[in-house]
Amino acid sequence: MDAVSEVKSRLNIEDVVSEYVSLKRAGKNFKGLSPFTNEKTPSFVVSPEKQIWHDFSSGRGGDMFTFIQESEGLDFKGSLELLARKAGVDLEKYRTSSFGSSKIDKSRLYKAIDSAVNFYQKQLISNQKAMDYVAKKRKFSRQTILDFRLGYSPDGSRALTGYLLKKGYKESELKLIGVANERSGQLFDMFRSRIMVPLCDQSGQAIGFTARLLEDRKDSPKYINTPSTPLYDKSRQLYGLHLAKESIRKSGYSIIAEGNLDVISSHQAGVKNVIASAGTALTEQQLKILSRFSDDVRLSFDQDRAGLEAAERSIPLASKTSINLKIITLPGGKDPDELIQKSPELWQKAIDDAEYAVDWVIERYRKSLDLSSAEGKKRFSDVMLGVIRGLSDPVEQDHYIKLCSEISGIDQNALREKIGQKSEPAQRLKHISPADQSPPYIKEQKRAADRLLCLALASPDTRNYLDAITDEMMATDTQKSLLKFLAANPKFDSASQLDELKDNLNDGKVLLLQFEELYSTVDTLELQYEASRLRAKVVEYYVKQQKTKLSKKLAEAPDSDQEKILSEVRSLDQLLKKVKDK
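Residues numbered from 1 in each chain as written. Predicted model: local features only at pLDDT ≥ 70, side-chain atom pairs only at ≥ 80, totals over all residues. Heavy atoms only, no water.

Student: Sorry if this is basic, but what is going on with the packing of aromatic side chains here?
Tutor: The geometry of an aromatic ring pair is captured by two quantities: the separation of the ring centres and the angle between the planes. Scanning all chains against the criterion turns up 13 aromatic pairs. Centre to centre, the rings of Tyr-20 and Phe-67 are 5.4 Å apart; their planes meet at 80°, and the pair counts as edge-to-face. In this pair, Tyr-20 sits in the loop between helix H2 (13-18) and strand E1 (24-26) while Phe-67 sits in helix H3 (residues 64-72), placing the two residues 47 residues apart along the sequence. The interplanar angle of 45° and the centroid separation of 5.7 Å between the aromatic rings of Phe-65 and Phe-76 together place this pair among those described as tilted. Of this pair, Phe-65 sits in helix H3 while Phe-76 is found in helix H4 (residues 76-87), placing the two residues 11 residues apart along the sequence. The two residues Phe-65 and Phe-76 agree in class, both being buried. Among the aromatic residues, those joined into a ring-pair cluster are Tyr-20, Phe-36, Phe-44, Trp-53 and Phe-67. Above the plane of the ring of Phe-188 lies Arg-183, whose end atom (NZ or CZ) is 4.4 Å from the centre. (Phe/Tyr/Trp six-rings, centres within 6.5 Å; stacked < 30°, edge-to-face > 60°. Helix = DSSP H or I, 4+ residues; strand = E, 2+ residues; numbered from the N terminus. Buried < 20%, exposed > 50% of the residue type's maximum accessible area, 1.4 Å probe, protein only. Lys NZ or Arg CZ within 6 Å of the ring centre and 35° of its normal.)

Student: Looking at this structure, how should I read the environment of Val-543?
Tutor: Within the fold, Val-543 resides in helix H23 (residues 524-556). For Val-543, a relative accessible area of 3% translates into the label buried. C-alpha of Val-543 to C-alpha of Leu-572: the two residues are 29 residues apart in sequence and 6.0 Å apart in space. When residues no more than four places from it in sequence are discounted, the contact partners of Val-543 are Leu-572, Leu-575 and Leu-576. (Contact = heavy atoms within 4.5 Å.)

Student: Teacher, can you tell me more about the nonpolar core here?
Tutor: Nonpolar side chains tend to gather and get buried jointly when the protein is soluble and globular. Within the largest apolar cluster, 57 residues are counted, with the highest numbers of intra-cluster contacts made by Phe-209 and Trp-347. Here the element with the most residues in this core is helix H5 (residues 106-126); it accounts for 9 residues. The next biggest cluster of nonpolar side chains, apart from the first, holds 42 residues, and it includes Phe-293, Phe-301, Leu-325 and Met-384. (Core = buried A, V, L, I, M, F, W, Y, C linked by side-chain atoms within 4.5 Å.)

Student: Sorry, what's going on with unusual backbone geometry here?
Tutor: Both trends apply: most residues other than glycine have a negative phi, and most peptide bonds are in trans. The phi dihedral of Ser-184 falls on the positive side, at around 55°, and the residue is not glycine. By the secondary structure assignment, Ser-184 is in the loop between strand E7 (180-183) and strand E8 (186-189). Given the relative accessible area of 84%, Ser-184 is considered exposed.

Student: Explain the confidence of the model for the protein here, please?
Tutor: Where the model shows low pLDDT, its predicted coordinates should not be examined in detail. With 89% of its residues at a pLDDT of 70 or more, the protein shows a mean pLDDT of 84. Confidence scores differ between elements of the protein, with helix H22 (residues 505-519) showing the lowest mean pLDDT of 66 and strand E6 (residues 151-153) the highest of 97. Taken together, the stretch residues 96-102 has pLDDT below 50 and engages in 11 contacts with residues farther than four places along the chain or on a different chain. (pLDDT = per-residue confidence, 0-100.)

Okay, here's the thing in structure tokens:
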């Protein structure tokens, strides 16, 4: 039995779903209100007999794993890990020796983190100075303190360390979860005299901490975070997402604040679709996670130079992940917490007035530079062409080159030459034009399709990952032929039915050999993860090629046809997003 089957054998789908949806018996099935739409008449159905669910209001459905993926915004691997923990299944038993076997017992690390959270909570309650800070200065209610599990780390050098060691945890485990470090052979607390803000994963499990000084000191940073641990990867974590995800899904957008305490203030004020980037610059992985809930993301960063540069860095990441990125401008240069204390309504208005990120950056530089001078024009073009170059959509690139030309008075041809494009319509956006594709691009495209096909030929468990792949997406005639063969022979067994490949025999043998070289020692779960990744790559290459063709059409099309072409571009974006979300 594989890990997926083991999890399914231990859990009932109705029990998994009922943690998210209030279900009532309806004959052989259960029904409830959709967690994905704001319906009033129940159309969400769970079948215990078939172990599946279907939401008629949104058209979604699947098994318990797809439900967790949709509800928690996780990929398949994340949903498997979550359900495995719930079912008490050790996934390490299902991994082959080629991946090595981890000696780290993560279940103990999770329990150790929870024990630390509880310890800090008790310390907060017993320390009047710390309570005054969170309750009077930050104005957090008792319920807010409980919801976010706020705590306090006392000044003693071994307060938490001694507590956890007495509870039976090992020194090595305390170092692994990032709450203690070693000096001169002795273990000491990592955090002292700080307000403790637990960092949680998407299911609400504590995995680390942000710690703020109770009293600001010049010799110590105001905030410190848990270092990277087996449980905590800051590039993938979003603070408060476990409490914000439902509001994000219902509102249709998410808000990223800079500070964790800004998030808490906003939630207390009733604006709950707010998260923070957990002490790091915004990353592609974080945006991919948010895109599973909504592709509308709004940044609330400081309005200073650092905030402007952060917005510039975020634009190419958003473009790469098909995120519609907007910037929130706060009146008076305040941070969200200050504005919320003044007026929650002003905070919501600023959110509603968020401006598309590229337009926001253009406007900031238009106001700050003298565009009548050569120096101002050069600076403007340097910055904006850097931003435009990071946009993955050629149609969007073309639009902003024209806009920057209009605003600055710089000739379009000069801007295109500076960005590395020729001015003739047929040669625009040269860096992704099929006629100018470099051999590495073609090689990568063919390799992704080859590897996906070799997985599908040799491993029936990965064959369903061809679901979104069409003939047009294949790089060569051979690949197209093999794709058709697999569609016509879904039960093909590579070990005993090689003769059925017929005209594709030699090509199939080459791919099977490739499988032996690359994947023969890889377990089924990892093969599925790899197939999912390759599927997304194949579709991504196809979308890029189609967008290039549409860019040329747009340049030559009359105004009456431009909206239709832009609609085709949006459809391609949706296709890519759908595949990446699977």
